[in-house]
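Spelled out, the chains give:
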Amino acid sequence: MMYTVFYKFYPDQRKPILSDVYDIIISSLLPYVDCFITEGHQFDAIQKIKKVDSFLDHLEVKSIKEFLKQS
């Protein structure tokens, strides 16, 4: 969850919005699932996390946009 907070706000100095709370809570599930489909900003944050730590190596992550193109 702390990685999500960091990559959502600090690199871009982004101001929080209400839906960010849900993204942070949902991110607590990431170590326990094999696949995660999410919106673009959360997708980008997860990709950054995966580059710096291996605890999400098992996770397949797709953006909603990418998922819909495949369907």
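What counts, and at which threshold
- Residues numbered from 1 in each chain as written.
- Predicted model: local features only at pLDDT ≥ 70, side-chain atom pairs only at ≥ 80, totals over all residues.
- Heavy atoms only, no water.
- Phe/Tyr/Trp six-rings, centres within 6.5 Å; stacked < 30°, edge-to-face > 60°.
- Buried < 20%, exposed > 50% of the residue type's maximum accessible area, 1.4 Å probe, protein only.
- Core = buried A, V, L, I, M, F, W, Y, C linked by side-chain atoms within 4.5 Å.
- Helix = DSSP H or I, 4+ residues; strand = E, 2+ residues; numbered from the N terminus.
- Contact = heavy atoms within 4.5 Å.
- Polar contact = N/O pair within 3.5 Å; in protein donor to acceptor, adjacent residues only side chain to side chain.

Inspection of every chain in the model, using the stated rule, returns 4 aromatic pairs. Aromatic pair Phe6 and Tyr7: ring centres 5.0 Å apart, planes at 85°, arrangement edge-to-face. The exposure class assigned to Phe6 is partly exposed, which follows from its relative accessible area of 39%. The exposure class of Tyr7 is buried, given its relative accessible area of 14%. Taken together through their ring pairs, the aromatic side chains of Tyr3, Phe6, Tyr7, Tyr10 and Phe55 make up a single cluster.

Right, let's talk about the nonpolar core for a bit. When a protein is soluble and globular, its nonpolar side chains tend to lie buried together. Judged by nonpolar contacts, Tyr7, Leu30, Phe36, Phe43, Ala45, Ile46, Ile49, Leu56, Leu59 and Val61 together constitute the single largest core of 10 residues. Top element by residues in this core is helix H3 (residues 40-52). It accounts for 4 residues. Beyond its immediate sequence surroundings of up to four residues, Leu30 is in contact with Phe36, Ile46, Leu56, His58 and Leu59.

Topologically, Asp20 is positioned in helix H2 (residues 18-27). Side chain to side chain, Asp20 and Arg14 meet in a polar contact 3.0 Å long. With near-sequence residues (within four places) excluded, Asp20 lies in contact with Lys8, Phe9, Arg14 and Lys15.

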